[in-house]
Amino acid sequence: MATPAQIDEQIRLEREQIRQGLKLLHNNTKKLEDKSYASASVYGVVSIDQLLPLVVARIEDTANRINEGKTARSFAHIRQYLADLEPEAAAAIALKVTFDRIFSVKPGQATITNVTSAVGQALENECMMRHYERNVPGLLKIIKDNYFHRSIGTHQKVKVITTLMNRYDVDHWKPWGQVNRVKLGSWLLDCICVVSGFFMKQTTNKGRKTHKIELVPTPAFIERKDEIMAQAELFSPLAWPMLIEPNDWTTDGKHGGYLLNEVMRGYDMVRRGDPTLIQGENPVAFLNHIQKVAYTLNPFIVNVAETLTEKQIQVGKFIPIIEIPFPPKPPDIAENAVSRQDYRRRAAEVCNINAQAFKKSCRTRMTMNAVERFKDVDKFFIPWSFDYRGRAYPIPAFLTPQDTDFGKSLLKFYEPSFITPDAEQWLAFQVATTYGLDKATMEERQEWVQNNQDLITRIAEDPITYRPEWETADEPWSFLAACDEYYHCVIKCDRHHTSLPVAVDATCSGLQILAGLARDASTAKLVNVLPSDKPQDAYKVIAEQAKPNVPVHLQQHMDRKTTKRTVMTVPYNAKPFSNRGYIREALKEKGIEVEKDDLTAVVKAVRDAMNVVVPGPMRVMKWIEQEVSNAIDRGLDKLTWVTPSGFVVTQKLMKKDTKRIELQLLGSCKVTVSEGDTKEVDKNHHKNATAPNLIHSLDASLLHLSAIRFDAPISLIHDSVLCRATDMSVLSTIVRETYMHLFAEHDYLTDWAQQIGAESEPPIIDSLQPESVIDSTYFFC
């Protein structure tokens, strides 16, 4: 129970979160305006989203009137320049440039001449890119691959394209000319002003002459902008860990998490769920249970991270700011044009590199800011919430178990446990697994650690000097943390308690759940539900089954790496198109470029192999898809089911009226042409989403019921559980027992069929005795 003083301290922290969130919101808005990029601000994004369909309609209406001969000749002249652009693209570009210019703080940006010219220039740039895409796609791709990632902003990208294209004998772009650009920009600006009422002219006079004409926001838009920012402020508080236990959630989703309503306003107990639903007692007890787990920062990892930050050294997902100094200016830069041009080129390259490095370091910088804030905090807690399927997610974005490898390595449980011989083995397991031996047997992992005591000692005693020996691990930061804990607890023995989170993962969770639903023993054995002497490898078995049916020249490359992502994602309804991408990438990593027809043959062979090797899951998924289709055809507009833990899942998927446009300079843009969902149920989305959502709801249910039986610190990463090494044997047993109860004592697939009103019996093979999972060493490993 928190004391009044501790509660006051937490309230002060939450007040700071509110202040810092507001400061960040307004600072970011100002930075965007300073950089003439107001289209990316909160008010810019919201306003453009509202205006886009209106401007598109206006452009289409004008185009129709041109076709009917009802407009002046100048409009017909302008139209030729938009021949390559769909109305959505023209509207998106015009709105972006208009907002960027009008709300820029730079002098002169908002004059009508500058705005109309900039809109016309942006449209011409896009059309130029499309011209080269049609005529020299290969050359354009080479230029993009080699130069675009180094360039800052669209202006420099355009400069790169025009400069390099001029070096080749290609069909060069014919410029439109300033007059045509201004005409085109004026027309689109007029479209925006007419449909929005957001902007008006403001004339500045000098004596009796007009000095300049600027576009300024109307009072109506200023009021609207203030309303948008006020709404954004309500959801701006930062989400940090808490200094005391979070408030408990209740079954109606109230009161949990942070203490202050101003902070909790943006967080529901169930994200994207139905707020009117009453959840079961077990899921809520689970959520409150994991919120009571206290954490502390790992001082060893913090020290290493601070040192590498200072030295500007990247390791894995830890990416500090790495700045290259600008080249010295040559002494003759003022009078030597060649020297001046060379310096500008070299300076621009450094500027581009530093800008890209700054972007890449964003998450690491934010993580280290959080570390600085909590470095001297004795212990802290994490508020959690559910997604609509019942999976648990931390509300804070940093200092949580569900972070990058570096982020996870920063955490230790606050409450340590005494080292036992069993704990020593689980610490060794963590060392070997994070190094990369996650597919090895338990004995092989223990043996590797015994054979590498000197390596572990070197890393733990001097991680900076011996960085090359740990940065190549599969999970370098988690491996580093494990080496430190193992060294002090087992090798040097100057630490008699352990608080390092040790993680075990489900083996292909989707197939494990589907095997239980179908009572399919053959699949259950392949994914370690049933006991075996060593970890089973479904990916390898399916690769071997598919091998005879793939083109002969590819058979030697059919192994677990080639099939892994496809096999892993098929239970989540991945279709052949995405399978193609996964297999193409896997073969490419082996240096194999695969032909289109050969790729089709490989995908078909793998999917056919899955029907043979894992028949239960494949039949269940096909049955789910058919029954969901039947349910939608009967008139259901949503699917609802209750998991074994009592969590109520609501899946409501309505069609959205959207279009996707490809802009060469601005990237892929999803353009919403009507607000909100339509009234039409998205049948295909339901068919594709239900099997994966059912699986996720059941693996979540498994962990709900397991965690509330576990009386020790515990954390979760989706289908992975973490606890102290001393407690892992107990937790592993509880998880296996819970799986047994879920699928041995209950026929959940039949229950689920009744809940959605299925018209046929589920395809249950019924060859699996789930109680056998009790003896499975590798069920979670």
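Report on the accompanying structure.

Rules and cut-offs
- Residues numbered from 1 in each chain as written.
- Predicted model: local features only at pLDDT ≥ 70, side-chain atom pairs only at ≥ 80, totals over all residues.
- Heavy atoms only, no water.
- Helix = DSSP H or I, 4+ residues; strand = E, 2+ residues; numbered from the N terminus.
- Rg over C-alpha atoms; globule rule 2.2 N^0.38 Å.
- Buried < 20%, exposed > 50% of the residue type's maximum accessible area, 1.4 Å probe, protein only.
- Contact = heavy atoms within 4.5 Å.
- Areas by Shrake-Rupley, 256 points an atom, 1.4 Å probe, with all protein chains shown as cover.
- Lys, Arg positive; Asp, Glu negative; His and termini not counted.
- Charge placed at Lys NZ, Arg CZ, Asp CG, Glu CD.
- Pairing = 2+ DSSP bridges.
- Axes fitted to C-alpha atoms, helices over the stretch in contact; angles between N-to-C directions.
- Disulfide = S-S within 2.5 Å.
- Phe/Tyr/Trp six-rings, centres within 6.5 Å; stacked < 30°, edge-to-face > 60°.
- Lys NZ or Arg CZ within 6 Å of the ring centre and 35° of its normal.
- Patch = residues over 30% accessible without salt bridge, like charges linked within 9 Å, V, L, I, M, F, W, Y side chains within 5 Å.
- Salt bridge = Lys/Arg side-chain N within 4 Å of Asp/Glu carboxyl O.
- Expected span 1.5 Å × (residues − 1).
- Parallel < 35°, antiparallel > 145°, perpendicular 65-115°, else oblique.
- Nonpolar A, V, L, I, M, F, W, Y, C, P; charged D, E, K, R; others polar.

**Comments concerning the overall build of the protein**
Then, in step 1: Secondary structure summary: the protein contains 30 helices and 17 strands in total.
Then, in step 2: Taking 28 Å as the expected radius of gyration for a compact globule of 781 residues, we find that the protein reaches 30 Å, a close match to that expectation.
Then, in step 3: In terms of overall dimensions, the protein has C-alpha extents of about 90 × 65 × 65 Å along its principal axes.
Then, in step 4: Every one of the 781 residues in the protein was classed for burial, and the buried ones make up 51%.
Then, in step 5: Sequence separation of 24 or more characterises 73% of the internal contacts of the protein that already satisfy a separation of 6 or more.
Then, in step 6: Taken as a whole, the protein presents about 36,800 Å² of accessible surface, with 51% of it coming from carbon and sulfur.
Then, in step 7: Looking at the protein, you have 95 positive and 99 negative side-chain charges, and the mean spots of the two groups are 9 Å apart.

**Focus: the sheet that holds strand 3 (residues 270-271)**
Then, in step 1: In spatial order, the strands read 3-6-7; together these three strands make up an open sheet with mixed pairing. This sheet does not close on itself; its edge strands, each paired only once, are strand 3 and strand 7 (392-394).
Then, in step 2: Lying on the sheet, helix 11 (residues 281-291) is in contact with strand 6 (384-387) and strand 7; it crosses strand 6 at an angle near 140°.

**A few points about the pairing of strand 11 (residues 502-505)**
Then, in step 1: Of the two faces of strand 11, the one lined by V502 and V504 is fully buried and the one lined by A503 and D505 carries no buried residue.
Then, in step 2: Bridge count between strand 11 and strand 17 (residues 720-723): four bridges; the pairing is antiparallel. Looking at strand 17, one finds that V504 is bridged to V721.

**Some details on the state of the cysteines**
Then, in step 1: This structure, assessed with the given rule, holds zero disulfides.
Then, in step 2: The structure places no disulfide on C193, whose sulfur is separated from the nearest cysteine sulfur, that of C191, by 9.5 Å.
Then, in step 3: Free of any disulfide, C493 has its nearest neighbouring cysteine sulfur in C489, separated by 8.4 Å.
Then, in step 4: Using a relative accessible area of 38% as the deciding quantity, one classes C493 as partly exposed.

**Things to note about the packing of aromatic side chains**
Then, in step 1: For the structure on display, the rule yields 28 aromatic pairs.
Then, in step 2: Look at W470 and W477: their rings are 5.2 Å apart centre to centre, the planes differ by 70°, and that puts the pair in the edge-to-face class. Residue W470 shares its accessibility class with W477, and that shared class is buried.
Then, in step 3: Each residue in the set Y43, F99, F103, F198, F199 and F221 is aromatic and connected to the rest through ring pairs, giving one cluster.
Then, in step 4: Note that R373 overlies the ring of F374, its terminal NZ or CZ placed 5.6 Å from the centroid.
Then, in step 5: For R389, the ring lying beneath its charged end belongs to Y388, and the centroid distance is 5.8 Å.

**Here's the deal with the pairing of strand 12 (residues 639-642)**
Then, in step 1: Of the two faces of strand 12, only one is covered, namely that formed by L639 and W641; the face formed by T640 and V642 stays uncovered.
Then, in step 2: In terms of strand pairing, strand 12 meets strand 13 (residues 648-651) through four bridges, oriented antiparallel. Bridge pairing in strand 13 places V642 opposite V648.

**Points about a negative patch on the surface**
Then, in step 1: A contiguous patch of negative charge, built from E443, E444, E447 and D533, is present on the exposed surface.
Then, in step 2: Here E447 shows up in helix 17 (residues 442-451).
Then, in step 3: Here E447 falls in the partly exposed class, since its relative accessible area comes to 49%.

**Focus on the sheet that holds strand 8 (residues 411-413)**
Then, in step 1: The strand order across the open sheet built from three strands is 5-4-8, with neighbouring strands paired in antiparallel fashion. Each of the sheet's edge strands pairs with one partner strand only, and the pair in question is strand 5 (380-381) and strand 8.
Then, in step 2: The pairing of strand 4 (residues 294-297) with strand 8 spans three bridges and is antiparallel. In the strand pairing of strand 8, Y295 is matched with F413.

**Overview of the pattern of salt bridges**
Then, in step 1: Under the definition given, this model contains 34 salt bridges.
Then, in step 2: Note that K492 is salt-bridged to D494, the shortest N-O span being 3.8 Å.
Then, in step 3: When the shortest N-O distance is used, the salt bridge between R560 and D537 registers 2.5 Å. Note that R560 is positioned in helix 24 (residues 560-569) and D537 in the loop between helix 22 (521-526) and helix 23 (538-546), a separation of 23 residues in sequence.
Then, in step 4: Several salt bridges share partner residues, and in doing so they unite K412, D484, E485 and R495 into one network.

**As for the side chain of Q17**
Then, in step 1: Within the secondary structure, Q17 is located in helix 1 (residues 4-34).
Then, in step 2: Residue classification places Q17 among the buried residues on the basis of a relative accessible area of 0%.

**Thoughts on the environment of E14**
Then, in step 1: For E14, the position within the fold is in helix 1.
Then, in step 2: Judged by relative accessible area, which is 0%, E14 ranks as buried.

**Some remarks on helix 4 (residues 87-102)**
Then, in step 1: When the terminal C-alpha atoms of helix 4 are compared, their 22 Å separation across 16 residues agrees well with the 22 Å that a helix rising 1.5 Å per residue should span.
Then, in step 2: Most of helix 4 sits out of view: 14 of its 16 residues are buried.

**Some points on the packing of helix 16 (residues 421-435) against helix 17**
Then, in step 1: Taken N-terminus to C-terminus, the directions of helix 16 and helix 17 make an angle of 90°; their axes are 8 Å apart at the nearest point. One way to sum up the angle between helix 16 and helix 17 is to call them roughly perpendicular. Together, Q425, W426, A428, F429, V431, A432, T433 and Y435 of helix 16 and M442, R445, Q446, W448 and V449 of helix 17 make up the contact between the two elements.
Then, in step 2: Residues of the contact of helix 16 with helix 17, tallied by class, amount to nine nonpolar, three polar and one charged.

**Side note on the environment of S36**
Then, in step 1: Within the element layout of this structure, S36 appears in the loop between helix 1 and helix 2 (42-67).
Then, in step 2: Assessed through its relative accessible area of 15%, S36 is described here as buried.
Then, in step 3: Remark: the alpha-carbon pair of S36 and Q291, spanning 255 residues in sequence, is separated by 43 Å.
Then, in step 4: Contacts of S36, omitting those with residues within four sequence positions, involve D100, S104, K106 and Q109.

**As for unusual backbone geometry**
Then, in step 1: A positive phi angle, close to 60°, is found at C493, a residue other than glycine.
Then, in step 2: Inspection of the secondary structure puts C493 in the loop between helix 20 (476-491) and strand 10 (497-498).
Then, in step 3: In this model, D766 sits at a positive phi of 65°, which is unusual for a non-glycine residue.
Then, in step 4: Here D766 lies in the segment after helix 30 (748-756).

**Describing the packing of helix 1 against helix 9 (residues 219-234)**
Then, in step 1: It is at 10 Å that the axes of helix 1 and helix 9 come closest, and there the two elements cross at 140°. Between helix 1 and helix 9, the interaxial angle falls into the category oblique. Listed contacts from helix 9 to L22, L25, H26, T29 and E33 of helix 1 are K225, M229, A232 and E233.
Then, in step 2: Each residue belonging to the contact of helix 1 with helix 9 can be placed in one class, and the counts come to four nonpolar, two polar and three charged.

**Remarks on the side chain of T434**
Then, in step 1: Looking at the element boundaries, T434 is found in helix 16.
Then, in step 2: For T434, the residues in contact, after removing those within four places along its chain, are A473, D474, E475, S478, F479 and A482.

**Some thoughts on helix 20**
Along an α-helix, residues three or four apart share an orientation, since each turn contains 3.6 residues.
Then, in step 1: When you tally the buried positions in helix 20, you get 15 out of 16 residues, the bulk of the element.
Then, in step 2: Of the residues trailing helix 20, C493 is marked for its positive phi of about 60°.

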